[in-house]
Amino acid sequence: MQATVLGVTGGVGRAVADAFLAEGVPVRALVRDPSRVPAEQGLTLVQGDALDAEALDRACEGSDVLFFGLNLPYPDWDPGMLTLTERAIEVAVARGMTLLFPGNVYGLGPDFAAPLGEEARHEPVTKKGALRNRLEAMLQIATTRGLRVIVLRMGDFFGGVGESSWMHHLTAKARTGGSLQYPGPKDVLHGWAFLPDAGRTFVALAHRRAELPAWSVFHF
């Protein structure tokens, strides 16, 4: 197996790349600036932009799975993330790849009487949730064209590298002597995903891709 990772400079993408490399799986990563990624045995950097179909295809050469870990500021999601998703779908379908997609619970709605299962209803009350659902719908529809998709929905991230996680922002003031913030009411449990564990989970699912349905959703 060989994997291509999009978003290797971010926390989730780096965790997934590290998990693949730890198992001896070669990784190709598409990056605009290779100097931002530390050299590592088994990691091949392909310089380019994910919006460039040719560069994206070159990054996916020889790979069996594509981890779609790209992210943009939410104001740029429409049409930015929709376009990036279309590009990823095109190359994954053409190359017969399985696409790994990091999901969250934004698109599921606010009110549940039981723990969130994989078949939870999609009733978003925010623009973010609606956009998330549009991306997942695009991926699910693409399975009719031969794409295989594995979605892993997770809580907020901590651990790993990068400064984009909510935990990083919650603890930023505390690291300089300020107060530690808590995300929401203290009597409401908050779900967190330790990034190295999330990376290993994606790799485990990638190994099982042949036995899974073309559209597979898991909650971390």
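The notes below deal with the structure included here. In this text, all values refer to a predicted model and were calculated from it rather than measured experimentally. (Residues numbered from 1 in each chain as written. Predicted model: local features only at pLDDT ≥ 70, side-chain atom pairs only at ≥ 80, totals over all residues. Heavy atoms only, no water.)

Side note on the sheet that holds strand 5 (residues 98-103)
Where strands meet in a sheet, backbone hydrogen bonds hold them as pairs that are either parallel or antiparallel.
Right, on to step 1. Strand order in the open sheet made by the seven strands is 3-2-1-4-5-6-9, with parallel pairing throughout. Edge positions in the open sheet fall to strand 3 (43-47) and strand 9 (215-219), since each of these has one partner strand only. Averaged over all pairs of adjacent strands, the angle between strand axes in this sheet comes to 20°, irrespective of strand direction.
Right, on to step 2. The sheet contact formed by strand 1 (residues 3-6) and strand 2 (residues 27-31) spans four bridges and is parallel. Within the sheet, the bridge partner assigned to threonine 4 lies in strand 2 and is arginine 28. (Pairing = 2+ DSSP bridges. Helix = DSSP H or I, 4+ residues; strand = E, 2+ residues; numbered from the N terminus. Axes fitted to C-alpha atoms, helices over the stretch in contact; angles between N-to-C directions.)

So, the packing of aromatic side chains
Right, on to step 1. In this structure the tally under the stated criterion is three aromatic pairs.
Right, on to step 2. A ring pair is formed by phenylalanine 68 and phenylalanine 101, whose centres lie 6.0 Å apart and whose planes are at 25°; its orientation type is stacked. Of this pair, phenylalanine 68 sits in strand 4 (residues 65-68) while phenylalanine 101 sits in strand 5; the two residues are 33 residues apart in sequence, bridging distant segments of the chain.
Right, on to step 3. In this structure phenylalanine 68 comes out as buried when scored by relative accessible area, which is 3%.
Right, on to step 4. Aromatic side chains phenylalanine 158 and phenylalanine 194 sit 5.2 Å apart centroid to centroid with 40° between the ring planes, which places their arrangement in the tilted category. Placement of the pair is phenylalanine 158 in strand 7 (residues 156-158) and phenylalanine 194 in strand 8 (residues 192-194), with a sequence separation of 36 residues.
Right, on to step 5. The exposure class of phenylalanine 194 is partly exposed, given its relative accessible area of 32%. (Phe/Tyr/Trp six-rings, centres within 6.5 Å; stacked < 30°, edge-to-face > 60°. Buried < 20%, exposed > 50% of the residue type's maximum accessible area, 1.4 Å probe, protein only.)

On their own, these measurements won't tell you what the molecule is for.
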